[in-house]
Amino acid sequence: QVHLVESGGGLVQPGGSLRLTCAASGSVSSIVAMGWYRQEPGKERELVAHITNEGRTNYVDSVKGRFTISRDNTKNTMYLQMNELRPEDTAVYYCYALHSGRVRWGQGTQVTVSS
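Residues numbered from 1 in each chain as written. Predicted model: local features only at pLDDT ≥ 70, side-chain atom pairs only at ≥ 80, totals over all residues. Heavy atoms only, no water.

Visitor: I'd like to hear about the sheet that holds strand β8 (residues 77–82), residue by residue, with values.
Guide: The 4 strands are arranged β1-β3-β8-β7 in an open sheet whose pairing can be described as antiparallel. The sheet is open, and its two borders are formed by β1 (2–7) and β7 (67–72), each paired with just one other strand. Neighbour to neighbour, the strand axes of the sheet diverge by 15° on average, direction disregarded. (Pairing = 2+ DSSP bridges. Helix = DSSP H or I, 4+ residues; strand = E, 2+ residues; numbered from the N terminus. Axes fitted to C-alpha atoms, helices over the stretch in contact; angles between N-to-C directions.)

Listed below in structure tokens is the structure:
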């Protein structure tokens with residue numbers, strides 16, 4: 001089993017920055033890729049960013065150039081650096097891990113962008 005814990009969400013003004021952290025534990029050697037989704041109330045989850053074990057990344061168009069996903073495999077931790085935040089980035093952000101043909105989710109962390 002893989003266990004994921006997110007942190008780093010909060011309230012930030014438009015144009016500000018936040019860094020989300022996702023710490024993985026358990027069978028981390030079985031993880032092949034990780035990433036972040038977000039979900040606004042009443043809407044479906046949206047894939048924000050994805051990173052493979054080889055370091056290949058992809059992003060939803062709306063965050064390209066503003067968000068950066070990265071991993072520190074020595075710490076079994078993934079990050080989402082979010083810059084130039086906009087009100088439309090407000091959502092609950094969930095990290096996920098793909099392993100052994102399954103998807104594991106974290107509990108989510110709220111990001112609110114508001115003045």
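Visitor: Lay out the nonpolar core with the relevant residues and their values.
Guide: Among the nonpolar cores identified, the biggest contains 26 residues, and Met 34, Trp 36, Leu 80, Met 82 and Tyr 93 are the most heavily contacted of them. When sequence neighbours within four positions are dropped, the list of residues in contact with Met 34 reads Leu 4, Cys 22, Ala 24, His 50, Ile 51, Ile 69, Arg 71, Met 78, Tyr 96 and Ala 97. (Core = buried A, V, L, I, M, F, W, Y, C linked by side-chain atoms within 4.5 Å. Buried < 20%, exposed > 50% of the residue type's maximum accessible area, 1.4 Å probe, protein only. Contact = heavy atoms within 4.5 Å.)

Visitor: Now, about the pairing of strand β4 (residues 31–39): what can you tell me, with residues and values included?
Guide: Here β4 runs beside strand β9 (residues 91–99); their pairing, made up of 8 bridges, is antiparallel. Within β9, the residue paired with Met 34 across the bridge is Ala 97. In terms of strand pairing, β4 meets strand β5 (residues 46–52) through 6 bridges, oriented antiparallel. Residue pairing for β5: Tyr 37 is matched across the bridge by Leu 47.

Visitor: Report on the packing of aromatic side chains, specifying residues and quantitative values.
Guide: Taken as a whole, this structure holds 3 aromatic pairs when the rule is applied. Ring centres of Tyr 37 and Tyr 96 lie 5.4 Å apart, and the angle between their planes is 65°; this geometry places the pair in the edge-to-face category. Taken as a pair, Tyr 37 in strand β4 and Tyr 96 in strand β9 lie far apart in primary sequence, 59 residues in all. On the basis of an interplanar angle of 70° and a centroid distance of 5.3 Å, the ring pair of Tyr 37 and Trp 105 is categorised as edge-to-face. You can see Tyr 37 sitting in strand β4 and its partner Trp 105 sitting in strand β10 (residues 102–105), a full 68 residues away along the chain. (Phe/Tyr/Trp six-rings, centres within 6.5 Å; stacked < 30°, edge-to-face > 60°.)

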